Amino acid sequence: MGRAICMRFAAHGLVGVLDRNCDGARETVDLIGAAGGSAVALEADVADAASVDAAFERFEAMGGIPQMVVPCAGIERIGTVVDEPLEDWDLVMGVNAKGVYLTARAAFRRFVERRSGSFVAIASDAGVLGSSQYGVYCASKHAVVGLIRCLALDFGPLGIRSNVVCPYTIDTPMLDDFTARYGGEYGGQENSDFWADSVPLGRIGEADEVASVVDFLSSPAASYVNGSVYLVDGGANAGAYHR
Amino acid sequence: MDREIAFIVGAGSGTGLATARLLADRGAAVALFDRRDAGAEEAAAKLGAGGAEALACEGDVASTDDVRLAVDATVAEFGSITTVVFDSPTTFPGELEHLDEGVWQANLDRSLSGVYRVARQTLPHLLASRGTFVAVASMAGVRTSYREPAAAAAMHGIVGFVRTLGQDHGSKGVRFNVVCAGPIEGDGDGRERRLAAIPAGRFARPAEVAEVVGHLTSADSSYTNATVQTVDGGAGAGFFAPDD
Ligand SMILES: NC(=O)c1ccc[n+]([C@@H]2O[C@H](COP(=O)([O-])OP(=O)(O)OC[C@H]3O[C@@H](n4cnc5c(N)ncnc54)[C@H](O)[C@@H]3O)[C@@H](O)[C@H]2O)c1
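Residues numbered from 1 in each chain as written. Chains lettered and ligands numbered in written order. Predicted model: local features only at pLDDT ≥ 70, side-chain atom pairs only at ≥ 80, totals over all residues. Heavy atoms only, no water.

Draft legend 1. Seen up close, the confidence of the model for chain A. Across chain A, the average pLDDT comes to 96, with 100% of residues at or above 70. Ranking the elements of chain A by mean pLDDT puts strand E7 (residues 185–186) of chain A last, at 78, and strand E4 (residues 118–122) of chain A first, at 99. (pLDDT = per-residue confidence, 0-100. Helix = DSSP H or I, 4+ residues; strand = E, 2+ residues; numbered from the N terminus.)

Right, dumping it as structure tokens:
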């Protein structure tokens, strides 16, 4: 998903591609280059303040100006409070919640100086509703939604906008990781069938269908959209649904 | 999608008109539906003079016949309908003490029941074109409406109705979404108090709401269905205390 967002952002200028997976970031940079854009890979761990700050500094040293910042890094672990390993809490909160906070910390200091900027976090439907066995992940994503709303209130008066996009199941490597970690079945069905059947549009989403919404929210066209929670879920969370 | 053909209700002024302009600017043929003397005629003429294909349809959303005639006229003129935008009227019928049943009914008839009539008449065309439907409601669709209980009732109704349509028709390729817009420049009174609760420090410009409608009726929102998207300058995010 992050890659699809970078590809869209390449139309606006230099893109800083931050990931702790340096090979993945370099591939994204190459793809952008091949498409005629320019980008730089920034290896960093979003759960580590010094690492995030250093990545912003490297980006600026290379001529980048962080204007549209999108914390999208995330990890998924499932289980219940009874059986899930305790380490999952710190691990998931560290990347999904603290990662967004640390990114905001670096971004907003710069936004405030320039009195402009857009921050669009990627949470999840788990940021607004519960989901069986997703307690830890849900808590981390609810944290993102709460943080974004407060950023919107704190910095809206300066013209700095903060919004959050909540995708439902999207076809990305995260789905493959899920299958590798927890097996190919969920809800008594093959994973992707289970998820596709829970969506009124009848299919899981593509990464670019999230990226296009992030691109809109980051653009001047969304000038009055602040503190909003944009579900991009094919309708999956509107209410109880059976195919 | 080959050619965008939009049917816009409430297109005579405000956000409806701004939406008609935005869609026409991106090449859509636009049918502007509004009440007699509400500006649709002039707006269509102006868009037409600017090179757009524009049709004015006069009628009242409270009349099933008016809606049907306008939909038929649009299809007769342009061949189909791919985009429907219902811009709900802002009304101020007042507090419960003053809300007699006639006023309550009239309010619902033009808002919630208006959406029902327009959705019902345009659905066959949207199914044929795999089109999109957007209702523009106010923030009273997700929150309360200070001293205007009828507005909150109608707007909440629109949200529930339109989201359910998205659920029911999404698998047939038709997307339905709702935009809940914060107070718009120029409508209503009691403005200072409301302004103080908006982080943006100003009301929405009609064109800013139109941009969100434009996004939700474009391919850029292809996975966005049965949702409510807010455009409110941050006012709905929570308690706002300006720091000076
Ligand atoms: N794919 C889905 O179905 C789905 C649904 C809802 C929400 N989301 C959310 O969308 C976001 C993007 O997910 P995706 O599907 O693209 O997943 P992904 O696994 O394909 O990508 C996540 C990226 O984050 C990076 N990352 C992980 N931990 C990091 C860290 N500590 N520091 C820096 N980078 C780190 C990974 O290297 C990876 O490149 C995540 O926040 C995820 O929770 C995904």
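Draft legend 2. Summary view of the site of the ligand. Residue and element names in this part refer to chain A. Close contacts around the ligand come from 24 residues, with Asp 19, Asp 45, Tyr 137, Lys 141 and Thr 172 the closest. Within the backbone of Cys 72, a nitrogen or oxygen atom sits 3.0 Å from an oxygen atom of the ligand. Counting only elements with at least two residues in the shell around the ligand, the list comes to helix H5 (135–155) and helix H6 (173–182). Counted by class, the shell around the ligand contains 15 nonpolar, 5 polar and 4 charged residues. A domain split of the shell around the ligand shows at least three residues from each of domain 1 (2–168 + 205–231) and domain 2 (169–200). (Near = heavy atom within 4 Å. Polar contact = N/O pair within 3.5 Å; in protein donor to acceptor, adjacent residues only side chain to side chain. Nonpolar A, V, L, I, M, F, W, Y, C, P; charged D, E, K, R; others polar. Domains from an automatic or database assignment.)

Draft legend 3. Examining the sheet that holds strand E5 (residues 161–167) of chain A more closely. Residue and element names in this part refer to chain A. Within the open sheet, the 4 strands sit side by side as E3-E4-E5-E10. Their pairing is parallel. With partners counted over all chains shown, the strands left at the sheet margins are strand E3 (68–69) and strand E10 (229–232), one partner each. In terms of strand pairing, E4 meets E5 through 5 bridges, oriented parallel. Among the inter-strand pairings, Ala 121 is bridged to a residue of E5, identified as Val 164. Across the sheet, helix H8 (residues 207–218) is in contact with E3, E4, E5 and E10; its angle to E5 comes to roughly 165°. (Pairing = 2+ DSSP bridges. Contact = heavy atoms within 4.5 Å. Axes fitted to C-alpha atoms, helices over the stretch in contact; angles between N-to-C directions.)

Draft legend 4. Geometry of the sheet that holds strand E7 (residues 228–231) of chain B. All names here are of chain B. Sheet architecture is open: 7 strands sit in the order E3-E2-E1-E4-E5-E6-E7, paired in parallel fashion. Looking at the sheet topology across the chains shown, the edges are occupied by strand E3 (54–58) and E7. Each adjacent strand pair in this sheet contributes to an overall mean axis angle of 20°, direction not counted. Pairing geometry for strand E4 (residues 83–87) and strand E5 (residues 132–138), over 5 bridges, is parallel. Looking across to E5, one finds that Asp 87 is bridged to Val 136. Against the sheet, helix H5 (residues 112–129) contacts strand E1 (5–9), E4, E5 and strand E6 (175–181), and its axis sits at roughly 175° relative to E4.

Draft legend 5. Focus on the nonpolar core. Counting residues in hydrophobic clusters, the biggest one holds 77 residues, and the most contacted among them are Val 165, Val 214 and Leu 217 of chain A together with Val 30, Leu 32 and Val 179 of chain B. Per-element tally for this core: the top contributor is H8 of chain A, with 7 residues. For this core, the domains that each give at least three residues are domain 1 (2–168 + 205–231) and domain 2 (169–200) of chain A. Not counting residues up to four positions away in its chain, the partners in contact with Val 214 of chain A are Ile 5, Phe 9, Val 70, Val 120, Ile 122 and Val 165 of chain A. In terms of nonpolar packing, the next biggest core, distinct from the first, is built from 37 residues, Val 67, Val 71, Phe 78 and Phe 133 of chain B among them. (Core = buried A, V, L, I, M, F, W, Y, C linked by side-chain atoms within 4.5 Å. Buried < 20%, exposed > 50% of the residue type's maximum accessible area, 1.4 Å probe, protein only.)

Draft legend 6. Geometry of the packing of helix H4 (residues 101–110) of chain B against helix H6 (residues 149–169) of chain B. All names here are of chain B. With their axes 10 Å apart at the nearest point, H4 and H6 run at an angle of 35° to one another. In terms of crossing hand, the pair formed by H4 and H6 is right-handed. Residues Trp 104, Asn 107 and Leu 108 of H4 lie in contact with H6, whose contacting residues are Ala 150, Ala 151, Ala 153 and Ala 154. (Left-handed = near helix turned anticlockwise from the far one by under 90°.)

Draft legend 7. Spatial organisation of the packing of aromatic side chains. Residues and elements named next belong to chain A. According to the stated counting rule, one finds 9 aromatic pairs over all chains in the structure shown. For the ring pair Phe 178 and Trp 195, a centre distance of 5.3 Å and an interplane angle of 70° mean the geometry is edge-to-face. One end of the pair, Phe 178, is in helix H6; the other, Trp 195, is in helix H7 (residues 191–197), and 17 residues separate them in sequence. Of the aromatic side chains, those joined through ring pairs into one cluster are Phe 108, Phe 111, Phe 119 and Phe 155. (Phe/Tyr/Trp six-rings, centres within 6.5 Å; stacked < 30°, edge-to-face > 60°.)

Draft legend 8. Molecular detail of the interface of chain A and chain B. In this assembly, 37 residues from chain A lie in contact with 35 residues from chain B. Summing both partners gives a buried area of about 2,900 Å² for chain A against chain B, and 56% of it is carried by carbon and sulfur. The three residues of chain A that bury the most area against chain B are Leu 153, Leu 201 and Tyr 224 of chain A, which together make up 29% of that side's buried surface. Close ionic contact of Asp 220 of chain B with Arg 8 of chain A constitutes a salt bridge, the shortest N to O distance being 3.4 Å. The set of elements that each furnish at least two residues to the side of chain A that touches chain B consists of H5, H8 and E10 of chain A. Counted by class, the side of chain A that touches chain B contains 20 nonpolar, 12 polar and 5 charged residues. (Buried area = accessible area lost by both parts, 1.4 Å probe. Salt bridge = Lys/Arg side-chain N within 4 Å of Asp/Glu carboxyl O.)

Draft legend 9. Representation of the pairing of E7 of chain B within the structure. Residues and elements named next belong to chain B. Here E7 shows two buried faces, one formed by Val 228 and Thr 230 and the other by Gln 229 and Val 231. In the sheet, E6 pairs with E7 via 4 bridges, with the strands oriented parallel. Looking across to E7, one finds that Val 179 is bridged to Gln 229.

Draft legend 10. Up close: the domain arrangement of chain A. All names here are of chain A. In terms of domain boundaries, chain A breaks down into domain 1 (2–168 + 205–231) and domain 2 (169–200). If you average the C-alpha positions of domain 1 and of domain 2, the two centres end up 23 Å apart. When domain 1 packs against domain 2, close to 1,200 Å² is buried across both sides, 54% of that on carbon and sulfur atoms. It is Glu 76, Ile 78 and Tyr 168 that lose the most area in domain 1 upon contact with domain 2, and together they represent 49% of the buried surface on that side. On the surface where domain 1 and domain 2 come into contact, there are 0 salt bridges. Across the domain 1-domain 2 interface, the total number found is 5 residue pairs in polar contact (both at pLDDT 80 or more). Elements that contribute at least two residues to the side of domain 1 that touches domain 2 include exactly strand E9 (205–206) and H8.

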